[in-house]
Amino acid sequence: MNPVVRAVDVGRGNTKFIIGIKEDRAPQCDMFPSQAAPSESLRDQDAWGAKRKTTTVPIEGLFYEVGPDVHLAADVFSVNMLQNDHYCLTP
C-alpha cells in the first residue's frame, strides 16, 4: 500500500489544497476563499433544496460557514478581517 500525502495551505486570501494525483503524477489542486460567513446555526440544506458547498463550524457559541460557496452565505455587510495583523488569532 502506497502512503497518501495531502497538503493544505490556509492563506490570507485563499485556502489551497490537493485533491488527488493526475495520471501524469502531477498534483490536482483546488482552492476556495479563506473567509467565514456568520450563520444562524448548524445547517444542512438551503431553501429550494439546494446545498451550498460549505460546512458550518461552531466557535465559542457562534456558527460560521466556510468553503467554496462561502460567498453565497455572506451578506452585503460581511467584513474581511485581513486588515487586522492578528486575524489568525481571533475567533
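Residues numbered from 1 in each chain as written. Predicted model: local features only at pLDDT ≥ 70, side-chain atom pairs only at ≥ 80, totals over all residues. Heavy atoms only, no water.

(A) Highlighting the pattern of salt bridges. Evaluation of the coordinates by the stated rule reveals two salt bridges. Measuring nitrogen to oxygen at the nearest pair gives 3.3 Å for the salt bridge that ties Lys-16 to Asp-9. Relative accessible area serves as the criterion here: at 30%, Lys-16 is assigned to the partly exposed category. Put simply, Glu-65 and Arg-52 hold a salt bridge, and the shortest N to O gap is 2.7 Å. Placement of Glu-65 in strand S6 (residues 62-66) and of Arg-52 in the loop between strand S4 (37-39) and strand S5 (55-59) is noted, with a sequence separation of 13 residues between them. The pair formed by Glu-65 and Arg-52 is uniform in burial state, with each residue classed as buried. (Salt bridge = Lys/Arg side-chain N within 4 Å of Asp/Glu carboxyl O. Buried < 20%, exposed > 50% of the residue type's maximum accessible area, 1.4 Å probe, protein only. Helix = DSSP H or I, 4+ residues; strand = E, 2+ residues; numbered from the N terminus.)

(B) Up close: the sheet that holds S4. Taken in spatial order, the three strands make up an open sheet running S4-S6-S5, and their pairing is antiparallel. One side of each edge strand has no neighbouring strand; the edge strands of this open sheet are S4 and S5. Across this sheet, the average inter-strand angle for adjacent strands is 40°, counted without regard to direction. Direction of pairing for S5 relative to S6: antiparallel, over a ladder of five bridges. Bridge pairing in S6 links Thr-56 to Glu-65. (Pairing = 2+ DSSP bridges. Axes fitted to C-alpha atoms, helices over the stretch in contact; angles between N-to-C directions.)

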